[in-house]
Amino acid sequence: RVGALVLIPHGRTPSNQRLIFQNHSEGPDATLLPESLVEAGKGAEVFLDAFGDRLERCSFRRSPLHRCAQTWEAYTAVLADRGLEVPEIAVDEALVEIDHASWHGKTVDDLSGADRASAAAHRAGDVLAKPPDGESQLDVLERAAAWVHGLDAPDRVVVAFGHGTMQNAIEVVLR
């Protein structure tokens, strides 16, 4: 239970642009593109226009991955520019993105055999398709359900900085 839930996705990375699968490692391909940082700043302005009068009721959380930290940093810059106190943010391991494990750094075309077939099925929307050592979309949906059901902040606005697959799963759980 929460008073409200606001999901804020990170922007595009080089991996996103090239449809490269990712695990939870960091690096240049998992860093926000410059234009995504600008977009995050614009998103912060919109967020503050809507929620700026109730920041004290907000509980901020983010995925442990750097691209979500970068998005949060863009928000804190806007808060500071407006002369507002920058609230603390909790790093929430449960918000981490889907783990494509051994497919990391590869596109569907880079894979072969059963991995290639499974990766193509994943890209086509098969919720069960996954690398042998990674997560499926169904796995993420189960993680999202546990996260949502674990929320207990009825008087708070929970603001979660995360990833597309996880946030889509949260939205499915909430329907």
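To be clear, the structure that these remarks concern was listed above.
Cut-off values and rules
- Residues numbered from 1 in each chain as written.
- Predicted model: local features only at pLDDT ≥ 70, side-chain atom pairs only at ≥ 80, totals over all residues.
- Heavy atoms only, no water.
- 1 Å grid on protein atoms, 1.4 Å probe; cavity = no way out; pocket = protein on both sides within 12 Å on 5 of 7 lines; lining within 4 Å.
- Points joined across faces, edges and corners; volume = space filled by probe spheres on them.
- Helix = DSSP H or I, 4+ residues; strand = E, 2+ residues; numbered from the N terminus.
- Nonpolar A, V, L, I, M, F, W, Y, C, P; charged D, E, K, R; others polar.
- Patch = residues over 30% accessible without salt bridge, like charges linked within 9 Å, V, L, I, M, F, W, Y side chains within 5 Å.
- Areas by Shrake-Rupley, 256 points an atom, 1.4 Å probe, with all protein chains shown as cover.
- Salt bridge = Lys/Arg side-chain N within 4 Å of Asp/Glu carboxyl O.
- Buried < 20%, exposed > 50% of the residue type's maximum accessible area, 1.4 Å probe, protein only.
- Core = buried A, V, L, I, M, F, W, Y, C linked by side-chain atoms within 4.5 Å.
- Contact = heavy atoms within 4.5 Å.

Participant: Quick rundown of the layout of surface pockets? Include the residues and the values.
Facilitator: Estimates place the volume of the largest pocket at around 280 Å³. Lining the largest pocket are 16 residues; nearest its centre among them are Asn16, Gln22, Glu97, Arg123 and Thr165. Sorting the residues of the lining of the largest pocket by element identifies helix 1 (14-17), helix 4 (113-123) and helix 6 (164-174) as the ones contributing at least two each. Space inside the second largest pocket adds up to approximately 150 Å³. Forming the boundary of the second largest pocket are Val127, Gln137, Leu138, Val140, Leu141, Thr165, Asn168, Ala169 and Val172. Mapped by element, the contributors of at least two residues to the lining of the second largest pocket are helix 5 (137-150) and helix 6. Here the residues of the lining of the second largest pocket sort into six nonpolar, three polar and no charged.

Participant: Quick one: what's the story with a nonpolar patch on the surface, residue by residue and with numbers?
Facilitator: A cluster of nonpolar side chains, namely Val127, Leu128 and Leu138, defines an oily patch on the protein surface of about 250 Å² accessible area. Note on placement: Leu128 falls in the loop between helix 4 and helix 5. Given a relative accessible area of 58%, Leu128 falls into the exposed group.

Participant: Before we move on, can you summarise the pattern of salt bridges with the specific residues and values?
Facilitator: Evaluated as defined, the whole model comprises nine salt bridges. Between Arg18 and Asp29 there is a salt bridge, with the nearest N and O atoms lying 3.2 Å from each other. Placement of Arg18 in the loop between helix 1 and helix 2 (34-51) and of Asp29 in the loop between helix 1 and helix 2 is noted, with a sequence separation of eleven residues between them. The partly exposed category is assigned to Arg18, whose relative accessible area is 45%. On the accessibility criterion, Asp29 (34% relative accessible area) is partly exposed.

Participant: For the environment of Val46, give the residues involved together with the corresponding values.
Facilitator: Along the chain, the position of Val46 falls in helix 2. Take Val46: its relative accessible area is 58%, and that puts it in the exposed class. Considered as a pair, Val46 and Ala119 are 73 residues apart in the sequence and their alpha carbons are 36 Å apart.

Participant: Can you explain the nonpolar core? Please cite residues and give values.
Facilitator: Phe47, Phe60 and Val159 are the most contacted members of the largest nonpolar core, which has 16 residues in total. Looking at this core, the elements with two or more residues in it are strand 1 (2-9), helix 2, strand 2 (58-62), helix 3 (66-81) and strand 4 (153-162). Setting aside anything within four residues of it in sequence, one finds Val159 in contact with Val6, Ile8, Phe47, Cys58, Ser59, Phe60 and Arg61. Counting 13 residues, the second-largest nonpolar core is a separate cluster that includes Leu95, Val140, Ala153 and Ile170.

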